[in-house]
Each structure stands twice: as C-alpha cells, then as structure tokens.
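The chain contents come next:
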Amino acid sequence: MTDAIVQWLNRHARACLAILVVAALVSRVVLVVRSPWAFGYVWDLYHEAIQRLYETGHLPASTDCWECWQPPLLFLVSWPLYAIGKAVYPVSPWPDDYALRFAGLVPIAAGLACLVYTDRLLRLMGQRGVWRVFGLGLAAALPCLFFSTYALEPDILMAALVVAFLYHLTRWHLYPRAATIGGVVRLGVLAGLAAETKYSGVSAVVVGTIVIASHAVRARRLRPIATFLVIALAAGSWKYVDNWRKYGNPFFANGPAATGFRLSERVFHTQYEFTTFRLRALLALTRPGAPDGMLTDLPVYRSVWTTLHGLAWGDMGFFTNPTRHGTRYPFYRHRHVPPWLASSVLVLALVPGALAIAGFAITVRRHAYVPISAMTVVGWLLYLQYVLSQEIWALKTKYVLFLVPAYVLYVVAGLRWVRAALPVWISRPIAASMVALIVLANLYLLSFAIG
C-alpha cells in the first residue's frame, strides 16, 4: 500500500468514518422503508413462533411450527413489540402482518449493535485511523449483515450478543488485573443469552470457558471460571434442559435441520464440494438469464466456499428472484440491481477474503488475539459439522455472521502486512481494490434497498 494513500486516509479518517456512518444509516432506512414484507428479508419464517406466542400467551412447543424448535430469546423480546403492533394494525393481508414492523426493531437494533461493537473491538485492538476506516467500512458494506439488519430471525440477535461478548472477553483477556467479578457476570449473561437465541450461540459459552479457564489456571483462581459457568448456564440452559426432558436431545430440531446437530454417516458421503470455487457460475446468478429454482437445488450451491462467498457479498438471487425461496412462495421480487455492480462486488470481495486468511495466519499466535482466534476456530468447527450433517439448506453465511468482527480484524492485519512486506506494485492495486469494494458495495446496498 502506498504511503500517500495511507497518509491521506489518516488525515481524513474522521471525515471518512462520518461518511461511512451516514451511508450505513441511509441505506438501512431505505431497506426498511422499501421492504416488501413487514418481517423483512428472511430465509425462514421465524415470525410464526412470535405470532403463536402472542395468540396463546405462552411459548409454543418445539413441534408446534416449523421454526418453533429454536431457542426462544428472539420470540420473547419480540413479543411485547408485536403486541404493540397488533394494537396499531389488528388486521393485515396474508401472508404479511404489519404488526411485525414493530418487532422489526429488534433486528435493526441488533444490526447496529454489531457495527458498534465491531468498531469498539477494532479500536481495542489498536486499529485506528486508516485501519479503522477499512475495518468499519468493510463491516458496514457487508451485504449479509445489511440484509440481516431487517430480518426477523435469531441469527442477527445472536450475532449482536456474541460480538458484544467477544469485545468484553477480549478486553477482559487483555487487562485481567483490571477485571472485576462484575465483568465475569456480564460475560456469563451475554454467553447464556447467545445460547438461548440459537444453538450456535453455545460457541460463546465454549470460547468463554477456554479463555477464562486458561487465566484461572495461570492465576490459580477458580472463582472467575466458576462464576462464568454458573451465570451462563443459568441464563442459557433452559431450552436445552427442556429439550432433553421432552425429546431426549438437548439440540432438538424439526425437519432437515434435525440432522444438522449430530454427526451421522453422511459426513463420509457428503455432496458438498470443499475443493472448488465456481466464480463463473456465481456471477451468472447476477444476470437476467440466471436459472430459476430454489437456491439449494442449483448446482453451484454445493460448492461450499463459492456459496459462502456469494451469500456474504450478495444474495445469489435469494432476495431478488421469486423462485429462490425454500417455501416455494414468491416472497421476493426482482430488485433491478445492475448485474455489473453485483458482479463487481463479488469479484472485488475476493481480495479481503485472501487478506483475512493471511491475517489469521499472522495473528493466530499473538496473545492479544487469543479470544478472537478461539471464536474463529470454534465457530467454524461447530458450523462445518452442521454442514456435513445436513443435506439441504446448510450453507448460509448468516449462520456465521457473529464472526464479522474477526473477519475484519484479520483483513486489517493482512492489509498492514501488505503495506510492510510487499512492493508498491503489488500493494497499490490491493489498496485500490479495497477502496473500490467499499464504494461499490455501498452503491450495491443502496440499489438493492431502493429496488
């Protein structure tokens, strides 16, 4: 990276950050206003559980609806907001429910919290000036996080809780002498609530146990780890105990997701491709002649890294092609995003992907990055076993949305290494592509939101 670019961005870092914040707020307001449905941009109809909770006054049983098996925190926090919405909109045309717009405040707040705590983590790790601009700019322009900001689904709520947990855990790890028992209690509450939002939220409990236990062993103090586990289990174990009592499985699920929480013989016969990256097929989905059909039925969907990349930096037509949704109902319409714009974002986004891999390799042994590395490893291991155990609909980037701060930190670490170690004829196009990606991704988000 040229010194001229770094110096210019450092001099104008505050202005750049202000522009990024304004762009993020404007695009998200437009996203909400122009949403075709009150429940937003969803993969699964989690709002049915909220409606049942409102109608009956008690949490539905896991078998009462398709998504009722999920841990209930989203349903509980959305319930009073939905009740207010029903007072304002008692009747709505099916399949919409205007009262859900009030419950939509939960994912909006969670999406903004993800950005706030990602920024706080960047600063905690010493990423200021130009590096903070790149990190926050990347997170704010990430389409997957953008779509989830108005999606009444537990993934974004869990992501907000885990991102906040990761920030406080990293601070506790860096400054253990300044840590108090109250800080450990806060970590336990956040980890427990994450586990009570989605099963993958258990990753916070696992990572917290690893980090706090390592400190406890060195300091020969058991009180912090004992306190953390007691609080986390008290806040987050209810659903798992109930599942064990009723179904004999703490991770009970309905439909094809049931196999996603246990390893089976299919791990040896998976149809997923871990050694391919089908960029041409991915770009074809951005064009008017893209094939119709459910996303999971498309051949490119089986290419793991292609799909995760495509759903991180685009939607693979899920929210822009009426035939893509798993319900087979045409929930979403064409949003007229220029194909060149969507394709450019997908191609340019390969650069931070490569930088993130380099950044992980550079930082994995650094003491300061222990909580971040642990969350990355645990998060991916838990997710990949889910992929290997489920035949359909397992590949969704929103499932690892809680790893966004780790991703941007690794990208920034990779960028800093590029500046220090590579000649200018290599670093200059990398810097230019990162700037271009952030600009074009924001244009993509605005174009999508406008529809």
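All values derive from a computational prediction rather than experimental measurement.

Participant: Account for the pattern of salt bridges, with residues named and values stated.
Facilitator: According to the stated counting rule, one finds 10 salt bridges in the structure shown. Note that Arg123 is salt-bridged to Asp119, the shortest N-O span being 3.4 Å. In this pair, Arg123 and Asp119 are both assigned in helix α6 (residues 105-124), 4 residues apart and thus about one turn of the helix distant. A salt bridge links Lys398 to Asp155; the shortest N-O distance between them is 3.0 Å. A residue pair is termed long-range when its members are at least 10 positions apart, and Lys398 in the loop between α18 (370-389) and α19 (404-421) and Asp155 in helix α9 (residues 154-174) qualify at 243 residues. Across this residue pair, the class does not change: Lys398 and Asp155 are buried.

Participant: An account of helix α12 (residues 223-236) is requested, with residue identities and associated values reported.
Facilitator: Compared with an ideal rise of 1.5 Å per residue, which puts 14 residues at 20 Å, α12 spans 20 Å between its outermost C-alpha atoms and is within 8% of the ideal. All of the buried residues in α12 are Pro224, Ile225, Thr227, Phe228, Ala232 and Gly236. Taken down its axis, α12 places every buried residue within 160° of arc, on the same side. Facing away from the buried side of α12 by more than 90 degrees, the exposed set consists of Arg223, Val230, Leu233 and Ala234. Contacts made by the buried residues of α12 are with α9, α10 (181-195), α11 (202-219) and α13 (238-247).

Participant: Describe unusual backbone geometry, and please don't skip the residues or the numbers.
Facilitator: Look at the link from Trp94 to Pro95: it is a cis peptide, with omega at 5°. At His336, a residue that is not glycine, the phi angle is positive and equals roughly 60°. Among the structural elements, His336 can be located in the loop between α15 (304-312) and α16 (339-348). The class for His336 is exposed, based on a relative accessible area of 63%.

Definitions and cut-offs
- Residue positions are counted from 1 within each chain, in the order its sequence is given.
- The model is predicted, so local features are restricted to residues of pLDDT at least 70 and side-chain atom pairs to those at 80 or more, both for listing and for counting; the totals for chains, interfaces and linings are taken over all residues.
- Side-chain metrics in this entry use all non-hydrogen atoms of the structure; hydrogen atoms and water are not considered.
- Salt bridges are defined as contacts in which a side-chain nitrogen from Lys or Arg sits within 4 Å of a carboxyl oxygen from Asp or Glu.
- Secondary structure elements follow DSSP: runs of H or I of four or more residues count as helices, runs of E of two or more count as strands, with numbering from the N terminus.
- The rule is simple: take the accessible area with a 1.4 Å probe, protein chains only, and divide by the maximum for that residue type; under 20% is buried, over 50% is exposed, in between is partly exposed.
- One less than the residue count of a helix, multiplied by 1.5 Å, gives the span that helix is expected to have.
- The arc in question is formed by the directions pointing from the helix axis toward the C-beta atoms.
- Only heavy atoms matter for contacts: two residues are in contact if any of them lie within 4.5 Å across the pair.

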